[in-house]
Amino acid sequence: MERHSFISMNKLSNVKGRLSYIISTVRQENLYATYTTCDRTFWSKLAKENQADFIKSGTAGKCIEARELIIALPESYTKYVPQELLKEFVEFFKNRYGVECAAALHHNKSKTNYHIHLIFSERKTLAEPIRKVATRNMFYVESGHHCRTKKEILDESGNVRSGCKIIKKGEVYEQHLFEKKNPLFKQKNFLTEIKEAYTELINERINDENEKLKVFNKNSIYLPMKKIGKNNPNSENIKANNRAVLKWNEMAAFSAECGLPLTHIREVKQKEIVKPLKEISKADMPIGAMFEKIVTLAGKTLRNFMDIWLMMDKSRRPNPGEDLFYKILNDRRARPVNKKSRHRDAR
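Residues numbered from 1 in each chain as written. Predicted model: local features only at pLDDT ≥ 70, side-chain atom pairs only at ≥ 80, totals over all residues. Heavy atoms only, no water.

## Concerning the overall build of the protein chain
When helices and strands are tallied, the protein chain shows nine helices and ten strands. Here the protein chain has a C-alpha radius of gyration of 28 Å; the compact-globule value for 347 residues is 20 Å, and the former is much larger. Contacts in the protein chain between residues at least 24 apart in sequence constitute 71% of all its contacts with a sequence separation of at least 6. When the accessible surface of the protein chain is split by element, carbon and sulfur atoms take 50% of a total near 21300 Å². With 65 positive and 42 negative side-chain charges, the protein chain shows a spacing of 5 Å between the two charge centroids. (Helix = DSSP H or I, 4+ residues; strand = E, 2+ residues; numbered from the N terminus. Rg over C-alpha atoms; globule rule 2.2 N^0.38 Å. Contact = heavy atoms within 4.5 Å. Areas by Shrake-Rupley, 256 points an atom, 1.4 Å probe, with all protein chains shown as cover. Lys, Arg positive; Asp, Glu negative; His and termini not counted. Charge placed at Lys NZ, Arg CZ, Asp CG, Glu CD.)

This is the structure:
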């Protein structure tokens, strides 16, 4: 069965807080190394400018101050010097995209997940800061937006309201230290691109071809397992789903080894898993425990289908798109067990 790399990306609305958390020797039980390409003041300046630009834009939601990659490493990587390993991964990103980074190398509490947290800026530093100087007094309301007259920021007593401000003539009213955000980082294909790049980098240290990682392909015969975050309230449900996914993946691999073509396994996956989940999503229904049930039944259906298909004469074996293929699939589809009827049968 294929081994897949795990690399995810998060948006950070509080980059200073997140950075403090991942590099804290107090809050991180298994912290092995930290590495940064800039000093800590960089992130404060970046956050301040991003927040100012966000307010000025009038966009709803939260300001994205930076982004974070979480890169899972094979356990065999624990034999390498942590500081050197982390530096290699951070400098790889810095050299590829030209932005500043900060990272930490961790194990989770149970020491089953060796991983890197890599925070990166979406903006490069300008060679020379851009400063705009007020040619007259400028007034700003509580939201940070500029207004034309002083009257608009005064209360009934003629005092400047709390949260409003005045920029006097000759003072800097706007300053830019950074270029605009690189649009690449918000594009869908960026995560795919960096997954492929880091998977290739990880595989450089793996000699056994059977142990090398691959980027998960959603069009493959397999299903992805979901990472369980710290203190996730749905952890038990995710564990149950992951167990069902593992069983499906094992059955898919077994079916392929037995001679069932990959196109046939993919079609069973499409009809028995992907399609039902899409229908539930379209109906705005909570998937909940339905995911585990759908995947579990799909695994049984795949086994039933494979048994019939392999027993057929090779000249009669149907392909996806043919009526006989779907007739066998429907006839051999696994059904949910009715607990009440099973109890009656037992009596």
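Resuming the write-up.
## Focus: the pattern of salt bridges
Within this structure, the stated rule accounts for 14 salt bridges. As a salt-bridge pair, Glu68 and Arg18 come within 3.1 Å of each other at their nearest N and O atoms. Taken together, the residues span a long stretch of sequence, with Glu68 in strand 3 (residues 66-73) and Arg18 in helix 1 (residues 15-22) at a distance of 50 residues. A relative accessible area of 22% means that Arg18 is categorised as partly exposed. Across the pair Asp307 and Arg303 runs a salt bridge, and its minimum N-O distance is 3.2 Å. With Asp307 and Arg303 both in helix 7 (residues 290-311) and four residues apart, this pair spans about one turn of that helix. With a relative accessible area of 31%, Asp307 lands in the partly exposed category. Salt bridges linked by common partners bring Glu49, Asp53 and Arg123 together as one network. (Salt bridge = Lys/Arg side-chain N within 4 Å of Asp/Glu carboxyl O. Buried < 20%, exposed > 50% of the residue type's maximum accessible area, 1.4 Å probe, protein only.)

## A short note on the sheet that holds strand 8 (residues 146-147)
Spatially, three strands are ordered 8-7-9 in an open sheet, and the strand pairing comes out antiparallel. A single partner strand is all that each edge strand has here, and the edge strands are strand 8 and strand 9 (165-167). Of the pairings in the sheet, the one linking strand 7 (residues 138-140) to strand 8 comprises two bridges and is antiparallel in character. Opposite Phe139, over in strand 8, you have Cys147 as the bridge partner. (Pairing = 2+ DSSP bridges.)

## Description of the packing of aromatic side chains
Think of a pair of aromatic rings as described by two things: how far the centres are apart, and how the planes are tilted against each other in angle. Enumeration over the complete set of coordinates arrives at 17 aromatic pairs. Aromatic pair Phe305 and Phe325: ring centres 4.8 Å apart, planes at 55 degrees, arrangement tilted. One end of the pair, Phe305, is in helix 7; the other, Phe325, is in helix 8 (residues 323-331), with 20 residues separating them in the sequence. Measuring from ring centre to ring centre gives 5.1 Å for Phe325 and Tyr326, while their planes differ by 70 degrees; the resulting arrangement is edge-to-face. Among the residues examined, Phe325 registers a relative accessible area of 0% and is labelled buried. Since its relative accessible area comes to 23%, Tyr326 is described here as partly exposed. Within the aromatic cluster, the residues linked to one another by ring pairs are Tyr77, Tyr80, Phe89, Phe92 and Tyr198. The ring of Tyr80 is capped by Arg205, whose NZ or CZ atom sits 4.4 Å from the centre of that ring. Of note, Arg317 hangs over the ring of Trp309, and the distance from its end group to the ring centre comes to 4.5 Å. (Phe/Tyr/Trp six-rings, centres within 6.5 Å; stacked < 30°, edge-to-face > 60°. Lys NZ or Arg CZ within 6 Å of the ring centre and 35° of its normal.)

Without other data, these values stay purely geometric and don't point to any function.
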